[in-house]
Each structure stands twice: as structure tokens, then as C-alpha cells.
Amino acid sequence: MISDDHPADTTPPPSREQVHDALRTTVRHGAAAANLTVFTPTVIDLLAPPNGDEDSNMTRAAIAENLIRKGITAVEEHDGPAVGSALRIMLGLASGTAVLSVEQRRRQAARAIGIQPDTFRRDNHSRRYFLELAFAIHSLIESRSAGTR
């Protein structure tokens, strides 16, 4: 949380590790703004910290979801549309996936990239894709921070 002693514009951006850890916490309930608001509000605070402009928590949740979506697009540009689809599915951002269990989303994500669900999980495909997404989101946050200096 940001206090009066530490204005938002001087708060350092999160580390790549913090972004990665935050992404992993969203897998169970998904990264749609409403789910971030209800289940993982700490992800909102990390990706869209309060900035003193009185943005509502729901507005910041929408900003956080948008940042995650932009990160997925950046990964997709590098690794291809199948990986982007798999990430959207795993995070409940693809149409119809928000209501699915993690296991159901994992099966769909594995199908999207043409591998078995056990391989998706066991052979670190999932881990690598989430790391790539964390790097992409971190770069977007750094770019945003550099723009406000």
C-alpha cells in the first residue's frame, strides 16, 4: 500500500519475480477484472497501484487485466498465436473459459499448442509461458514508468 510518505510516482515498479508470482496466483480464478477484484486484489495493487487520482479498485482491476492482455499479445508476437491462446485459456480470458476449472483450462490450453495436458504441466511448458508473460508485463510496466518520469 502507498502511504502519504511515498507517493505513487516514486513507488518502484514490481520485480519480474513479483509479476510472475502474481500471475501464478491468478490461475485458479482467472485474470478477468472482476475475478482480480474478488479473488486476487493484491495483483491489482501490484500491476495498477493506487496513484493518488482516486481511481476505484474496479478501474484499477480493468487496467491490470488490460496489462495482462497486452503482455499476452507481446508473447504471442514472439511465440505465436497458439501460445497466446494457451495463456488466454489458462487465465480464463478466452471466451467461455472463465467458468472452467483449472484442469479443464489446462486441457484446452494443451490442445491449443498441440500437446498432451500432462506434458503441458510436467515438461514446464506452462511454467515457461508464464515466465515469458511475466517478462512481457514487466517490460510494459517499465515502459509505463519511464513515460511518467
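As shown above, the structure is provided for reference.
What counts and how
Residues numbered from 1 in each chain as written. Predicted model: local features only at pLDDT ≥ 70, side-chain atom pairs only at ≥ 80, totals over all residues. Heavy atoms only, no water. Helix = DSSP H or I, 4+ residues; strand = E, 2+ residues; numbered from the N terminus. Contact = heavy atoms within 4.5 Å. Core = buried A, V, L, I, M, F, W, Y, C linked by side-chain atoms within 4.5 Å. Buried < 20%, exposed > 50% of the residue type's maximum accessible area, 1.4 Å probe, protein only. Axes fitted to C-alpha atoms, helices over the stretch in contact; angles between N-to-C directions. Parallel < 35°, antiparallel > 145°, perpendicular 65-115°, else oblique. Nonpolar A, V, L, I, M, F, W, Y, C, P; charged D, E, K, R; others polar.

A.B. asks: What is the right way to read the environment of D45 from this model?
C.D. replies: You can see D45 is positioned in helix α3 (residues 41-47). Note: C-alpha distance between D45 and A61 (16 residues apart in sequence) is 8.6 Å. For D45, the residues in contact, after removing those within four places along its chain, are P50 and R60.

A.B. asks: Got a minute to help me understand the nonpolar core in this structure?
C.D. replies: When a protein is soluble and globular, its nonpolar side chains tend to lie buried together. In this structure, L23, L47, I68, L87, L91, L133 and I137 are the most contacted members of the largest nonpolar core, which totals 35 residues. Elements represented by at least two residues in this core include exactly α1 (16-26), α2 (33-39), α3, α4 (57-79), α5 (81-90), α6 (102-113) and α8 (125-147). Here this core takes seven residues from α8, the largest share from any one element. Residue contacts for I137: discarding those within four places in its chain leaves V19, L23, L47, L67, I68 and G71.

A.B. asks: Explain the packing of α5 against α6 here, please?
C.D. replies: When two helices pack together, their arrangement is given by the angle between their axes and by how far apart the axes lie. Running from N to C, α5 and α6 point in directions that differ by 175°, and their axes come no closer than 8 Å. By the angle between their axes, α5 is roughly antiparallel relative to α6. Taken together, the residues of α6 that come into contact with α5 (itself represented by A82, V83, S85, A86, I89 and M90) are V102, R105, R106, Q108, A109, A112 and I113. For the contact of α5 with α6, the class distribution of residues is nine nonpolar, two polar and two charged.

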